[in-house]
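Coordinate inspection notes
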Amino acid sequence: VPNLYANEDKLEITEKCSKGANAVGRTGPAEIFAWYVEQCRKNLHIVICMSPIGAAFRNRLRAFPSLVNCCTIDWFHEWPPDALQAVARQFLSKDKELEFEDSITNKVVKLMVDSQVTVQDLTARFISEAKRHFYVTPTSYLELINSFIGTLKSRRQIVQKAKWRYDTGLEKINDAKEQVATLQVELNELEPVLEKAAQETGEMRERVEAEQAGAIEKKAVVEEEENKANVQKASAAEIKADCEKDLAAALPAYESAVDALSKLTKGDVGEVRGMKTPSVGVLLTAQATCIMFEVKPYKVAAPDGKGKVDDWWGAAKGELLSDPKLIDRMKDFDKDNIPEAVIAKIMPLYSSEDFEPDKIKKSSLAAMGICKWVRAMVVYDKVAKEVGPKKKKLAAAEAEVAEAEATVAAKQAELKEVMDMVAELEATLKEANDKAKALQKQQKDCAAKLARAEKLIDGLGGEQASWSKKSTQLGKDYVNLTGDILIASGIIAYLGVFTTAYRTEAVTKWLDRLQGLNVPASKEFSLQGCIGDAVKMRQWVIDCLPNDSLSIDNAIILDNSRRWPLMIDPQGQANKWVKKTWGEALKVLRLNMNYVRELENAIQFGNPVLLENIEEVLDAILDPVLQKATFKQGTLTMVRLGDSTIEWSKDFKFYITTKLPNPHFPPEICVAVGILNFMATLDGLQDQMLGLVVAAEEPETEQKRVNLVLDSAKAKAQLKELEDKILALLSSSTGNILDDEELIETLSNSKVMGTKIEEQVKQQEITAQQIVEVRQVYTYHSLRCAALYFIIGDLCVVDPMYQFSLDW
């Protein structure tokens, strides 16, 4: 191809290919590039796929003859039945969740092949009879298979769950009925037991009260004895404190004397003994020591020679000061039992001015210590003689206290025995009371359960027959799902573009084929009954969907198809329905505007998009959206739109409409989208015309009918929600349902509300019948109007200039 590469690109190619070219002996730049071209020619494979439908294929061949001369042409024909069977069997065998037996799998495969062949024949007739083009390709067959597998699994889950909820509700109601008799017997048996327990508890209470009164009296006596003992204790404590106070006055002097003695040594005592001329204080100390130890003085001759005198110094030196244990004797002296005669002899010395420790200290430290000891003994004796009677009195008081405490202890022991007995009786009484309360609670619970059971049976008993019937029907539906979903999948995959007559013909053939192969299926098939939702369908009609079977079937196909819908809508009815359904959230786009940015935003944020008024060709940029060519990038789902890669929201919805009455879409569009024929039908137009006529002639009746439709749809939706709520509560409850008072109350309130709504619905049905009778007068007129529109609409066959809008 001349001038395909720029010079920079050629240089880069030459550098990168030089090694490979040199290996085969190509060295120059021209030779290296020639080698590169040879490798491209050898390894590059181009496959060009073109549809032979329409003028585009012919025009391309005329413009580019090399497409014929330089290409190997391979013309792909329709798949033969063997290929169709192999593909279907492969898909069905691979999915283990279907749990098909081999015989059923073979029958389903045959039916799928028959569906493809039937629609191919139907398409040929559709072209020849209605002059409308539609193409059935292997992709349509794959859509049939995938739609069948996906729809069957989802419907099985829905039907199975619904049946399980009905069965659970019936089981709860039956359990409540069975428990009523048991609870009544239990309640009757509890009454005598409760009476006996009440009598025993009363007797026990009287005994406990009597014992408690005795225990209170005993406790008062013990408290009185305790008070007396406490008074005696207080008196004894006062006496003891007085004694200790008096002793505390003498003890410091005694302790000081003992401290002085502890400082003396044998040498100090020997020093005193060795005095030749002791002072008066030392002599008095020696005399006092002899008196204290009751040592008699020596008798010596008086200085005047007349008689004898007492020699206390000599006696002290001979009897006491020479004793090596004198200091220990003084420390261990029995100060508590000093004879009164000794005290009487010592008192004159004690009162002498010369018998003072400070004066004696000047003569001898040892004598001073002995002096302190003597004086301390005199002081202690004086205090001891005063404290002695108090000690006796204290001992007597303490004895009385001990006796009183012993008495109190004995009384307390007796009281403890009584209190223990009372506590034991109280425990027994408490046990009896608890038992009685438990019996009362049991009786109360039993009565409450009985009341709840009766409330449950009264509230939901009327639903038992309805739920049982629905459960049985769901069981049959589950068995028939295989055949019913196969027909529904065929309608979703193939029949959206066909009119009512062709659809009915195809469905009848498929149903006969199902019965001929003994595949489980309903005797009479209805797409609305198979995969339709009554609440949704009523809402669709409220949102301006034409109220005829074809339009409602189209909406069901749209709601269940895996492909985005392309609606043939020359009268704008589908356009109006989509806009009314989504309101302001809908983004309305057209191919003649710059719509890509709006579409990108809608895909990212999950907004619904309506692409309206398309022609027979779609922009190639829409292919990733139509094919839902998403991919994972990390945790996000992405899609490539043109040069942009954007996030794909699962809430995104895409609707396409065309105003062309008889568009000729190429096969690539037929397989990429689900084409739906929303052209006006006689029934739908008649219903609309009837509404217009009645609104003009009797506006009050028409307004009443419109309000009735809204109210009826709302009431029936509420009934469905209430039933779902009741079944959800019943199926989610664990254990005995009669124990859950809140659940029973919620169910009862829900049922009361449901009953009111049912009465409203019945009244609405009566009113609706009255309105129908009024509207019946204008039925013929509306039929003539609808027929007139179709007659005038067919004038375009005579001459294309005759074009009429539905709004006209």
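First, a word on scope: everything that follows refers to the structure included in this document.

About the cut-offs
Within every chain, residues take consecutive numbers counted from 1 along the sequence as written. Predicted model: local features are reported for residues with pLDDT of at least 70 only, side-chain atom pairs are reported and counted for 80 or more only, and whole-chain, interface and lining totals are derived from all residues. The side-chain quantities take in all heavy atoms of the structure and omit both hydrogens and water. Salt bridges are defined as contacts in which a side-chain nitrogen from Lys or Arg sits within 4 Å of a carboxyl oxygen from Asp or Glu. Only DSSP runs of H or I reaching four residues or more are called helices, and only runs of E reaching two or more are called strands; each is numbered from the N terminus. Three exposure classes are used, based on accessible area relative to the maximum for each residue type with a 1.4 Å probe and protein chains only: buried under 20%, partly exposed in between, and exposed over 50%. Two strands make a pair as long as DSSP finds a minimum of two bridges between them. To get an axis, a line is fitted to the C-alpha atoms, and for a helix only the part in contact is used. The angle between two axes follows their N-to-C directions and goes from 0 to 180 degrees. Any two residues whose heavy atoms approach within 4.5 Å at even a single point are treated as in contact. Side-chain rings of Phe, Tyr and Trp, where Trp is taken by its six-membered ring, are said to pair if the distance between their centres is within 6.5 Å; with planes under 30 degrees apart they count as stacked, over 60 as edge-to-face, and otherwise as tilted. The definition of a right-handed crossover adopted here requires that, viewed with the strands pointing away, the path from the first strand over the helix to the second runs clockwise.

**Topic: the pattern of salt bridges**
Summed over the entire model, instances satisfying the criterion amount to 16 salt bridges. Measuring nitrogen to oxygen at the nearest pair gives 3.4 Å for the salt bridge that ties arginine 26 to glutamate 38. In this pair, arginine 26 sits in the loop between helix H1 (7–23) and helix H2 (29–43) while glutamate 38 sits in helix H2, placing the two residues 12 residues apart along the sequence. The class for arginine 26 is partly exposed, based on a relative accessible area of 23%. Linking aspartate 167 and lysine 163 is a salt bridge whose minimum nitrogen-to-oxygen distance equals 3.4 Å. With aspartate 167 and lysine 163 both in helix H7 (residues 138–263) and four residues apart, the pair spans about one turn of that helix. Of the residues examined, aspartate 167 reaches a relative accessible area of 30% and is grouped as partly exposed. Classification of lysine 163 by relative accessible area gives partly exposed; the value is 27%. It is possible to trace a salt-bridge network through shared partners that takes in Arg125, Glu129, Glu505 and Lys509.

**Details of the sheet that holds strand E9 (residues 653–658)**
Taking strand neighbours across the sheet as the criterion, the five strands line up as E4-E5-E9-E3-E10 in an open arrangement whose pairing is parallel. Edge strands, defined here as strands with exactly one partner in the open sheet, are strand E4 (587–589) and strand E10 (674–677). Shown here is a sheet whose adjacent strand axes are inclined to one another by a mean of 20 degrees, direction ignored. Bridge analysis of strand E3 (residues 565–568) against E10 gives four bridges, and the strand direction is parallel. Note on E10: the bridge partner recorded for proline 565 is glycine 674. Lying over the sheet, helix H18 (residues 549–560) contacts E3, E9 and E10, oriented at roughly 165 degrees with respect to E10.

**A short note on the packing of aromatic side chains**
Tallying each qualifying case throughout the model produces 16 aromatic pairs. Ring geometry for phenylalanine 498 and tyrosine 502: centres 6.1 Å apart, planes at 40 degrees, overall tilted. No difference in accessibility class separates phenylalanine 498 from tyrosine 502, as the two residues are buried. Members of the aromatic cluster, joined through ring pairs, are Phe126, Phe134, Phe498 and Tyr502.

**Here's the deal with the environment of serine 364**
Structurally, the position occupied by serine 364 is in the loop between helix H13 (357–361) and helix H14 (365–494). Using a relative accessible area of 2% as the deciding quantity, one classes serine 364 as buried. Spatially, the C-alpha atom of serine 364 lies 8.5 Å from that of glutamate 271, the residues being 93 residues apart in sequence. Sequence-distant contacts of serine 364, that is, excluding residues within four places in its chain, are made with Val272 and Met275.

**Describing the pairing of strand E5 (residues 608–611)**
Burial along E5 is two-sided: Pro608 and Leu610 facing one way and Val609 and Leu611 facing the other are all buried. Traced from E4 through helix H20 (residues 596–605) to E5, the parallel crossover comes out right-handed.

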